[in-house]
Every structure is written in C-alpha cells, then in structure tokens.
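Examining the three-dimensional arrangement
Below are the chains, spelled out letter by letter.
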Amino acid sequence: MEEKMKFSTFVIGLIITLAILTFYTAFPFSAFFYASQVLSTTGAVIVVPLVTIAVVYRLIVITTQRVLHLSMEEIGIPQPKMDRKWLIIGLLLPLTILVIYLLMPGQLSVANNNQARLISLLGCIFVEGFLPGILEEMIFRGLLMHLVAKRFGMTVAVVVPSVLFAALHLVNGALDAASMLMLFIGGTAVGIMFSLITLVKNSIWNSAVVHGLWDFFIIGIFNFTAKPDLFNLYSYHVASQNILISGGAFGIEPSLICTIAYLLVAYVAYLEIRKNKI
C-alpha cells in the first residue's frame, strides 16, 4: 500500500497549487493588455498563451520536484503523447453537440471583417483552445488531483478537484440561482470526465486534447451565450427558454444535453480504466 503524503507537505502543496491557479486566471488578461500595445492584438493572442503555458509549467515542475519530491510522471504529466482514440472522441464530442444545437431554432451572427476573423481564429486556437486545454489539465488533473490522491486516495481526488473546477466557473459572471446550480452540476460532471480520461493512461495529454478541442469549438468557434467575446467567429443564440436545453445564463455547457454527453464519455473512460486493470 502506498504511503500517505505528510499532511504538512499536502497543505504546502495545496497552497502553492492554488497560487498557481490564481496566477493562471489573472496573468493572461493583464499580459494581453500590455502585449497588444507592443506586438499588436494579433501577436498578443499567440505570444501571451505560449508564455503563460511556459511559466505555469515551470512553476508546476518546481513545486512537484522540490516541494512534493515527486516526478512529473507521478502527477500525470509525462512527455506529451496522445492516443488516436481520444483525438477522435475529442472531435466527436463537440461536433455532435454543435450539430444538435445548430438544428434547433436560434439566431446566428458572424464576425464582420477579415481582420476581426483572423484575430478570432487565432484566439480560438491559442486563447480559447490551446491555453485552457493544457493549463487547466496540468493544474486540476495533474498537480491538484494527484496531490489530493497522495493524501486521501484517488476516489476523493477525482471528485474534489472536479467540484473546485465547477466552483471556479461560478465566478464568470452574474448568474441566477438556477444557472448556478446547472453550472455546478455540469461543471462537476465535465471535471470528472476529464479526470477519468487522465487516469486511463495516468497522463493529462489525452484529457488536454479533449478539453482543448471542446473549448475550441464550443467556446471559440461558436459561442452560445448572450455575451460573445472578442475571439468568437460565430455566435448562436438558442431560442429555447428551457434551462435544461439552454444551460441558463452561462450558455449550453451546463445543459442537460451536454452533461449527458460528458457522462457518456466518462463512462467510456471508466470502462477503459477497468480494462487496463484486468
């Protein structure tokens, strides 16, 4: 039986992990403002995500090796390697959701000019897809999940970071009670999905691919909220007022349709984990 991590080491590791998470949520916004003055908006949407990934990765390496005395492999961040199966699932998941929602009654809007479309496309790739796909998996399914697992076991480690992952998204804007409840349930479900995908090979890279492709299509290329951001190529406002379909004020991600999709993919990952143990 694996020896539990000392409580003091766990607490120190947790504090550092939360500090890294705070840095990740704050740094890109301020860095983007200054970088856009020097590099232009087009350059900033490429450089800022790459710099953020490099800095956060280095902070995780230092924390893992010098504070926790673990290898990067032990926290699920080995050398990058992706399974074709999860690339296919990562494409099918958002594309299936897109087809379902675009077949529903709604209103479509498009970015107006070529310059805006170029910035939007780069933003979809680097800001909406590349950045959160890699860093949120490194922090939540890499460092945090394995830190909790070393102290409390893997079952708790799958659930707790997933709940925190959902809770973090609750601060993304003013939401009514029903929207917050939907977001908390859907956010926890998708967090569990990413966690189980990570545990298939004890590597964050498959979940990073699935996460990045989801954000690229559902948050980047298409936006299904009432407030599109700078980088959306298309926005689609679903006409349905049913919160189980629309997902509420946050958009479609916490909808019942998406939550069922998360749980189906999580079940596929769970079956593969069981198969690997046989």
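Scroll up for the structure.
Residues numbered from 1 in each chain as written. Predicted model: local features only at pLDDT ≥ 70, side-chain atom pairs only at ≥ 80, totals over all residues. Heavy atoms only, no water.

One can describe the packing of helix α2 (residues 84-102) onto helix α6 (residues 204-221) by two numbers: an axis separation of 8 Å at closest approach and a directional angle of 25°. Our classification of the angle between α2 and α6 gives roughly parallel. Considering the relative orientation of α2 and α6, their crossing is right-handed. Facing α2, whose interface residues are W86, L87, G90, L91, L93, P94, L95, I97 and L98, α6 presents N206, V209, V210, L213, W214, F217 and I218. When the residues that make up the contact of α2 with α6 are grouped by side-chain class, the tally is 14 nonpolar, two polar and no charged. (Axes fitted to C-alpha atoms, helices over the stretch in contact; angles between N-to-C directions. Helix = DSSP H or I, 4+ residues; strand = E, 2+ residues; numbered from the N terminus. Parallel < 35°, antiparallel > 145°, perpendicular 65-115°, else oblique. Left-handed = near helix turned anticlockwise from the far one by under 90°. Contact = heavy atoms within 4.5 Å. Nonpolar A, V, L, I, M, F, W, Y, C, P; charged D, E, K, R; others polar.)

Time to look at the pairing of strand β3 (residues 234-238). Looking along a regular strand, one sees the side chains alternate between the two faces of the sheet. Two strands pair when backbone bridges link them, and strand β1 (residues 106-110) and β3 are joined in this way by five bridges, in the antiparallel orientation. Paired with V110 across the two strands is Y234, which belongs to β3. Looking at chain direction, strand β2 (residues 222-223) and β3 are connected through two bridges and run parallel. Bridge pairing links N223 to S235 in β3. (Pairing = 2+ DSSP bridges.)

Right, let's get into the packing of helix α4 (residues 154-169) against helix α5 (residues 177-201). Running from amino to carboxyl end, α4 crosses α5 at an angle of 135°, the nearest separation of the two axes being 7 Å. For the element pair α4 / α5, the angle class is oblique. The two elements α4 and α5 meet at a crossing, and its hand is right-handed. Here M154, V158, S162, V163, F165, A166 and H169 of α4 lie close against α5, whose contacting residues are L183, F184, G187, T188, V190, G191, I192, S195 and L199. Its residues placed into classes, the contact of α4 with α5 shows 10 nonpolar, six polar and no charged.

This part takes up unusual backbone geometry. The bulk of non-glycine residues show a negative phi, and the bulk of peptide bonds are trans. The phi dihedral of H69 falls on the positive side, at around 55°, and the residue is not glycine. Here H69 lies in the loop between α1 (7-67) and α2. The backbone of N202 sits at a positive phi, close to 50°, despite the residue not being glycine. As for its position among the elements, N202 is in the loop between α5 and α6.

Take a nonpolar patch on the surface next. There is a patch of nonpolar side chains on the surface, built from V47, V51, V55 and L59 and spanning about 240 Å² of accessible area. You can call L59 partly exposed: its relative accessible area is 33%. (Patch = residues over 30% accessible without salt bridge, like charges linked within 9 Å, V, L, I, M, F, W, Y side chains within 5 Å. Areas by Shrake-Rupley, 256 points an atom, 1.4 Å probe, with all protein chains shown as cover. Salt bridge = Lys/Arg side-chain N within 4 Å of Asp/Glu carboxyl O. Buried < 20%, exposed > 50% of the residue type's maximum accessible area, 1.4 Å probe, protein only.)

Attention now goes to the packing of aromatic side chains. Scanning the model with the defined rule gives 12 aromatic pairs in all. Ring centres 5.1 Å apart and planes at 80° place the aromatic pair F140 and F165 in the edge-to-face group. You can see F140 sitting in helix α3 (residues 114-152) and its partner F165 sitting in helix α4, a full 25 residues away along the chain. Judged by its relative accessible area of 4%, F165 is buried. On the basis of an interplanar angle of 25° and a centroid distance of 5.2 Å, the ring pair of F222 and Y234 is categorised as stacked. In this pair, F222 is assigned in strand β2 and Y234 in strand β3, connecting sequence segments 12 residues apart. Here F222 falls in the buried class, since its relative accessible area comes to 13%. You can call Y234 partly exposed: its relative accessible area is 24%. Within the aromatic cluster, the residues linked to one another by ring pairs are Y101, F222, F224, Y234 and Y236. Just above the ring of F165 sits the side chain of R141; from NZ or CZ to the centre is 4.5 Å. (Phe/Tyr/Trp six-rings, centres within 6.5 Å; stacked < 30°, edge-to-face > 60°. Lys NZ or Arg CZ within 6 Å of the ring centre and 35° of its normal.)

Quick look at the pattern of salt bridges now. If you walk through the whole model with that rule in mind, you get three salt bridges. Between K150 and E74 there is a salt bridge, with the nearest N and O atoms lying 4.0 Å from each other. Residue K150 is found in helix α3, and its partner E74 is found in the loop between α1 and α2; the two are separated by 76 residues along the sequence. Across the pair E272 and K85 runs a salt bridge whose closest N-O atoms are separated by 2.6 Å. Separated by 187 residues along the polypeptide, E272 in helix α8 (residues 256-277) and K85 in helix α2 bring together distant segments of the chain. The class for K85 is partly exposed, based on a relative accessible area of 38%.

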